[in-house]
Amino acid sequence: MAITDKIYVKNHRQLASQLDTSFPKSAFSGATLDILFSGDGIAKLDDASRDRVLDFAEDFLDCNCQGHPHCGCPERKFISYLLELRAQGLGPEGIVDVMGDDYMLYAYPGDILSFLDDSVRTLEAAERLADVDSRKKAGERIGQRRRELSR
Ligand SMILES: [Zn+2]
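Just so you know, these numbers come straight off a predicted model, no measurement behind them. (Residues numbered from 1 in each chain as written. Predicted model: local features only at pLDDT ≥ 70, side-chain atom pairs only at ≥ 80, totals over all residues. Heavy atoms only, no water.)

*Asks:* I tried to follow the nonpolar core on my own but got confused; where do I start?
*Replies:* One recurring pattern in soluble globular proteins: nonpolar side chains tend to sit buried together. Residues Phe-56, Phe-78 and Met-99 are the most contacted members of the largest nonpolar core, which totals 37 residues. Elements that contribute at least two residues to this core include exactly helix H1 (12-19), helix H2 (30-37), helix H3 (47-60), helix H4 (73-87), helix H5 (92-103), helix H6 (109-132) and helix H7 (136-150). (Core = buried A, V, L, I, M, F, W, Y, C linked by side-chain atoms within 4.5 Å. Buried < 20%, exposed > 50% of the residue type's maximum accessible area, 1.4 Å probe, protein only. Helix = DSSP H or I, 4+ residues; strand = E, 2+ residues; numbered from the N terminus.)

*Asks:* Would you mind going over the coordination of the zinc ion with me for this structure?
*Replies:* For a metal bound by four donors in tetrahedral geometry, the ideal donor-metal-donor angle is 109.5 degrees, whereas six donors in octahedral geometry ideally sit at 90 or 180 degrees. Bound to the zinc ion are the protein donor atoms Cys-63 (SG), Cys-65 (SG), Cys-71 (SG) and Cys-73 (SG), situated 2.2 to 2.3 Å from the metal. Around the zinc ion sit four donor atoms, and with donor-metal-donor angles ranging over 98 to 117° the site reads as tetrahedral. Sequence spacing among the residues donating to the zinc ion works out to C-x1-C-x5-C-x1-C. (Donors = N, O, S within 2.8 Å, 3.2 Å for Na, K, Ca; no water. Tetrahedral: all angles 85-135°; square planar, octahedral: opposite > 155°, others 65-115°.)

*Asks:* Explain the packing of aromatic side chains here, please?
*Replies:* For any two aromatic rings, the description comes down to two numbers: the centre-to-centre distance and the angle of the planes. Counting across every chain of the model gives 13 aromatic pairs. Three or more aromatic residues link up through ring pairs in this structure, and these residues are Phe-28, Phe-37, Phe-56, Phe-60, Phe-78, Tyr-81 and Tyr-103. (Phe/Tyr/Trp six-rings, centres within 6.5 Å; stacked < 30°, edge-to-face > 60°.)

*Asks:* Mind showing me how you'd approach unusual backbone geometry here?
*Replies:* Of all residues except glycine, most have a negative phi; of all peptide bonds, most are trans. Following His-68, the chain continues into Pro-69 via a peptide bond in cis, with omega recorded as 0°. Positive phi, normally seen in glycine, also occurs at Asn-11, with a value near 50°. Within the element layout of this structure, Asn-11 appears in the loop between strand E1 (8-9) and H1. Of note in the backbone geometry, Asp-20 takes a positive phi value of approximately 65° without being a glycine. Along the chain, the position of Asp-20 falls in the loop between H1 and H2.

Right under this line is the structure:
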């Protein structure tokens, strides 16, 4: 399962009742993207929730792909967001706190930790490949990224 399958909407029950409809708890589930993040119901949400929902839509659902919002861009952008927070020096708990403040989302710190470990391992593998390939620049860039994520 991708990490984006393990990101959940905070106050899910409360939001569903404000929207007067149900949607899955998982933030990146197709129905949640449709109903909560790009539906007409946004106006029915209380101010604080609406701001967060709009921020999420603006930051992750802003592409013009034909399949929008089911094109994979929201997931890809969210993963960059997680890696960016890590590069800023936050640990799993801190990342979970920030996504709560920013977008009213939550995840289990253990899931974030495995995701970060996997990302570092993927980068290590890419770095080794670049070395073998003597693509020095690429290898250095990847190494830099890996060090940012593993400090
Ligand atoms: Zn897209």
